[in-house]
Structures are given as structure tokens and as C-alpha cells.
Amino acid sequence: MPPFPKSANVVFVLAVAASATARAQSLQPQGGVAWGRTVPVGAYHATANGQGFQSASQGMALVALEAHKRSPQFTISDPGYFSLPGTTHRYRDWKMGGHGRVDMHRAIVVSCDTYFYGLANDMGIDTIHSGLTRFGFGARTGIDIEGELPGLVPSQEWKMQRFHQKWYAGDTVSVGIGQGYLLATPLQLATAVAMMAK
């Protein structure tokens, strides 16, 4: 999988996303990243860099608030991992030992994987799928850029059609931090951030 563009260039991508008349070929890449003469349009895990995680986690938090699955004050004690009820497997946080007491705001600020593992598990993939698609994930943005991919917001139905397998709780946990089957383009991440900022 190609590397996700540096976060300094997310502003550049957002500028392209904000201008329907901008021609990607006429814009010069910023910050020394060699993009050639096109804007990156590939689909990546939403955690391919820190900016991607922020977009994915903010989207996940908003979906949870709309679905009444969390309040901003809901707090967990993060030991550095999450386990599904009745299992011993540990989904590890990026920070060994965890982040301590974490509410929704702090979870976004410190990129607390454990918070979002639990949140995804509580919401379930159907709620996540319907919520993230409202932010434009899983569909082309409609910007006139050659080769733009739609990304992917997985669902139980999608996995059954694609792999002839049922959806597992562990699949949902991974989607909670923008990994697993969830794929997003830089344009989708930028567009989602712009929608959330409105």
C-alpha cells in the first residue's frame, strides 16, 4: 500500500476538495512531497497517519452521539488494551499502559485506541456503516479528478457478499480505529473534516 501523504499536504487536498473548478494538474504539490501532477486518490486505512485517525475518530464520535451510544462525559479507565466480553484477546492501544481516565474529547486528542475499540463494539457495524456513509465515506466525492476511488465502509452484508463470511465482533473493533476493512481516500477525510467543522 502506498504511503499516505504527509499531514502538511492535507490542507492542499482540502483546498482542491473545496474548489470544484480546480484542476489538479494545474496545482503544484506543497512541502516537497512528490505527487507528480495529480492529487492522491487511492484508498487507505483511515489511520494511515495521525490526521486520518483524527478524522475517523471524530466521525465515529459524532455517529455515537447521534445514535445516543455515548455522551461527551462518558469516561473509561484505559489500561492500554480492550477485550471483547468473554474473551482474553487484547486489542492493544498504541500507548503501552494506556491513557488513564479518558472521556470522548480526550480520546480524540490523545488518539486513544482503547476508547474507540469499545465505542465501536457498543455501536455495532450497522450503526457505524449508516453513520459514516452520511459523512461521505464509502463514496466518491464527485470532484472531477481522474481515478478517484470510493473507499469502503464495510457492513455485514458487504462481507457476506465479498467473502461469504459472517461479520465478527473483532471486525467491528478494528473499524473503530479506522482499520480493518474500512478504507478512505485523502479527499474523503478532508471532506469529512470540513463537514464536521460546519
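For every chain, the first residue of its written sequence is number 1, and the numbers climb from 1 along that sequence. Reporting in this predicted model follows two pLDDT cut-offs: at least 70 for local features of residues, and 80 or more for side-chain atom pairs to be given and counted; totals over whole chains, interfaces and linings ignore these cut-offs and use all residues. With hydrogens and water set aside, each side-chain value is computed from the structure's full complement of heavy atoms.

Q: Sorry, what's going on with the overall build of the chain here?
A: To qualify as a helix, a DSSP run of H or I must reach at least 4 residues; to qualify as a strand, a run of E must reach at least 2; elements of each kind are numbered from the N terminus. Looking only at helices and strands, one finds eight helices and four strands in the chain. Walking the chain from its N terminus toward its C terminus, one meets helices and strands in the order α-α-β-β-β-β-α-α-α-α-α-α. Each residue's exposure class comes from its accessible area (1.4 Å probe, protein chains only) as a fraction of the maximum for that residue type: buried when under 20%, exposed when over 50%, partly exposed otherwise. When the 198 residues of the chain are sorted by exposure, 44% land in the buried category. Total accessible area computed for the chain in this model is approximately 10,300 Å², and 55% of it derives from carbon and sulfur atoms. Areas reported as accessible are Shrake-Rupley estimates using a 1.4 Å probe. Residue values count occlusion only from the protein chains shown.

Q: Just checking my understanding: could you explain the pattern of salt bridges for this structure?
A: Two side chains bearing opposite charge may form a pair once their charged atoms approach each other closely. By salt bridge we mean one thing: a side-chain nitrogen of Lys or Arg within 4 Å of a carboxyl oxygen of Asp or Glu. In the structure shown here, the tally under the stated rule is three salt bridges. Here glutamate 66 and arginine 134 are joined by a salt bridge, their closest N and O atoms 2.4 Å apart. Note that glutamate 66 is positioned in helix H2 (residues 50-66) and arginine 134 in helix H5 (residues 125-134), a separation of 68 residues in sequence.

Q: Please explain the side chain of lysine 159 as it appears in this structure.
A: Structurally, the position occupied by lysine 159 is in helix H6 (residues 156-163). Its relative accessible area of 2% is what places lysine 159 among the buried residues. Here a polar contact is recorded for every N or O atom pair within 3.5 Å, except that within protein the pair must consist of a potential hydrogen donor and a potential acceptor, and residues adjacent in sequence are included only if both atoms are side-chain atoms. A distance of 3.2 Å separates a polar atom in the side chain of lysine 159 from the backbone oxygen of lysine 166. The criterion used for residue contact is that any of the two residues' heavy atoms lie within 4.5 Å. Other than its neighbours up to four places away in sequence, lysine 159 contacts His164, Gln165, Lys166, Trp167, Tyr168, Asp171 and Tyr181.

Q: Explain the side chain of aspartate 171 to me, please; I cannot follow it from the model alone.
A: By the element assignment, aspartate 171 lies in helix H7 (residues 169-175). Only 2.6 Å separates the side chain of aspartate 171 from the side chain of lysine 159, close enough to count as a polar contact. Apart from residues no more than four positions distant in its own chain, aspartate 171 is found in contact with Lys159, Lys166 and Tyr181.

Q: Where do I start with unusual backbone geometry in this structure?
A: Glycine aside, the phi torsion of most residues is negative, and most peptide linkages are trans. Here histidine 68, not a glycine, exhibits a phi torsion of approximately 60°, which is positive. In the Ramachandran plot, serine 111 falls in the positive-phi region, its phi being about 55° despite a non-glycine side chain. Here serine 111 lies in the loop between helix H3 (104-109) and helix H4 (113-123).

Q: Please explain the environment of glutamine 179 as it appears in this structure.
A: Tracing the sequence through the fold places glutamine 179 in the loop between H7 and helix H8 (186-197). Between the C-alpha atom of glutamine 179 and that of alanine 56, which follows or precedes it by 123 residues, the distance is 9.7 Å.

Q: What should I look at first to understand the packing of aromatic side chains in this one?
A: To pair, rings of Phe, Tyr and Trp, with the six-membered ring standing in for Trp, must have centres within 6.5 Å; the planes then decide the type, stacked if under 30 degrees apart, edge-to-face if over 60, and tilted in the middle. Under the counting rule described, the total for this entry stands at seven aromatic pairs. Between phenylalanine 82 and tyrosine 117, the ring centres sit 6.4 Å apart and the planes meet at 40°, which makes this aromatic pair tilted. With a gap of 35 residues between them, phenylalanine 82 in strand E2 (residues 81-82) and tyrosine 117 in helix H4 connect regions that are remote in the sequence. In this structure phenylalanine 82 comes out as buried when scored by relative accessible area, which is 14%. In this structure tyrosine 117 comes out as buried when scored by relative accessible area, which is 7%. A centroid spacing of 5.7 Å and a plane angle of 35° characterise the contact between phenylalanine 163 and tyrosine 181, whose relative ring orientation is tilted. Placement of phenylalanine 163 in helix H6 and of tyrosine 181 in the loop between H7 and H8 is noted, with a sequence separation of 18 residues between them. Look at tyrosine 181 and you get partly exposed, because its relative accessible area is 23%. Aromatic ring contacts, followed pair by pair, group Trp158, Phe163, Trp167 and Tyr181 into a single cluster. In this structure, arginine 70 is placed above the aromatic ring of tyrosine 115, and the distance from its NZ or CZ to the ring centre is 5.8 Å. Over the face of the ring belonging to tyrosine 81 we find arginine 90, whose NZ or CZ atom lies 3.8 Å from the ring centre. Over a ring means this: the NZ of a Lys or the CZ of an Arg is within 6 Å of the ring centre and within 35 degrees of the ring normal.

Q: Looking at this model, I keep getting lost on H4. Mind explaining?
A: Residues that lie three or four places apart on an α-helix share one face, since the helix turns once every 3.6 residues. In terms of burial, H4 is a largely internal element, nine of the eleven residues being buried. Looking only at H4, the buried set comprises Asp113, Thr114, Tyr115, Phe116, Tyr117, Gly118, Leu119, Ala120 and Met123. Just beyond H4, the residue with positive phi is glycine 124, at close to 85°.

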